[in-house]
Amino acid sequence: MLLYRVLLLCKFVGVVLYGGGLIGALVATSSADRKRAVHTIASPGLVVTWTAGYFLTLQLNVALTEPWILGGLSLSLVSQLALVAMATRERRTGVGVLLAAVPFFLVLVLMIFRPRWPGVDT
């Protein structure tokens, strides 16, 4: 039970780091600040989140093919790629902001509501 709580804490810290890096990248006024937020805060946060999430699935015996896990992985990757693309450009665009922020919000929704395949029991 202690291991589960530690992994959950690590995942939460990773999500907070990623969200902080995302917000930092969105509000940064210079390209250097945007790059710093993406590469030193958001990217490590995503690695921590994915790693802790993987170990949580092992701890809870949850299949990696659950819709909320597949959706979370896919959407967090889209958000991260949008952030990295935004960091390489001199200025941010509205489309880039939406491609980074909306998938992150949807990942949070998936992590909270955890939709499952109908009729499948674990």
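It should be noted that the structure appears before, not after, this text.
Residues numbered from 1 in each chain as written. Predicted model: local features only at pLDDT ≥ 70, side-chain atom pairs only at ≥ 80, totals over all residues. Heavy atoms only, no water.

Trainee: Any chance you could explain the layout of surface pockets here in plain terms?
Mentor: Gaps left between atoms show up when a probe the size of a water molecule is rolled over them. Looking at the largest pocket, its volume works out to about 590 Å³. What lines the largest pocket is a set of 28 residues, and nearest its centre among them are Lys11, Thr49, Gly53, Trp68 and Met111. Counting residues per element, the ones that place at least two in the lining of the largest pocket are α1 (2-27), α2 (31-60), α3 (67-88) and α4 (94-113). In terms of residue count, the dominant contributor to the lining of the largest pocket is α2 (eight residues). Across the lining of the largest pocket, the residue classes break down as 20 nonpolar, six polar and two charged. (1 Å grid on protein atoms, 1.4 Å probe; cavity = no way out; pocket = protein on both sides within 12 Å on 5 of 7 lines; lining within 4 Å. Points joined across faces, edges and corners; volume = space filled by probe spheres on them. Helix = DSSP H or I, 4+ residues; strand = E, 2+ residues; numbered from the N terminus. Nonpolar A, V, L, I, M, F, W, Y, C, P; charged D, E, K, R; others polar.)

Trainee: In this structure, what is going on with a nonpolar patch on the surface? I would like to understand it.
Mentor: Together, Leu9, Phe12, Val13, Val16, Leu17 and Ile41 make up an exposed nonpolar region whose accessible area comes to about 530 Å². Examining the composition of the nonpolar patch, we find that five residues originate from one element, α1, more than from any other. On the secondary structure map, Leu9 appears in helix α1. Residue class for Leu9 comes out exposed when judged on its relative accessible area of 53%. (Patch = residues over 30% accessible without salt bridge, like charges linked within 9 Å, V, L, I, M, F, W, Y side chains within 5 Å. Areas by Shrake-Rupley, 256 points an atom, 1.4 Å probe, with all protein chains shown as cover. Salt bridge = Lys/Arg side-chain N within 4 Å of Asp/Glu carboxyl O. Buried < 20%, exposed > 50% of the residue type's maximum accessible area, 1.4 Å probe, protein only.)

Trainee: Looking at this model, I keep getting lost on the pattern of salt bridges. Mind explaining?
Mentor: Side-chain pairing between opposite charges can occur once the charged atoms of the two side chains come close. By the definition in use, this model includes two salt bridges. A salt bridge links Glu66 to Arg116; the shortest N-O distance between them is 3.5 Å. With Glu66 in the loop between α2 and α3 and Arg116 in the segment after α4, this pair connects stretches of sequence that are 50 residues apart. Residue classification places Arg116 among the partly exposed positions, given a relative accessible area of 40%.

Trainee: Would you mind showing me how to read α2 here?
Mentor: Here α2 contains 30 residues, and its C-alpha end-to-end distance of 41 Å stays within 8% of the 44 Å for a straight helix at 1.5 Å per residue. In the segment just after α2, Asn61 is the residue with positive phi, at about 60 degrees. (Expected span 1.5 Å × (residues − 1).)

Trainee: Would you mind showing me how to read the packing of α3 against α4 here?
Mentor: For any two helices packed against each other, one specifies the crossing angle of their axes together with the interaxial distance. Packing of α3 against α4 leaves a shortest axis separation of 8 Å and a crossing angle of 155 degrees. As the angle between them shows, α3 and α4 are arranged roughly antiparallel. Read as a crossing pair, α3 and α4 show a hand that is left-handed. Contacts between α3 and α4 pair Trp68, Gly71, Gly72, Leu75, Ser76, Val78, Ser79, Ala82, Leu83 and Met86 from the former with Gly96, Val97, Leu99, Ala100, Pro103, Phe104, Leu106, Val107 and Leu110 from the latter. Looking at the contact of α3 with α4, its residues break down into 14 nonpolar, five polar and no charged. (Axes fitted to C-alpha atoms, helices over the stretch in contact; angles between N-to-C directions. Parallel < 35°, antiparallel > 145°, perpendicular 65-115°, else oblique. Left-handed = near helix turned anticlockwise from the far one by under 90°. Contact = heavy atoms within 4.5 Å.)

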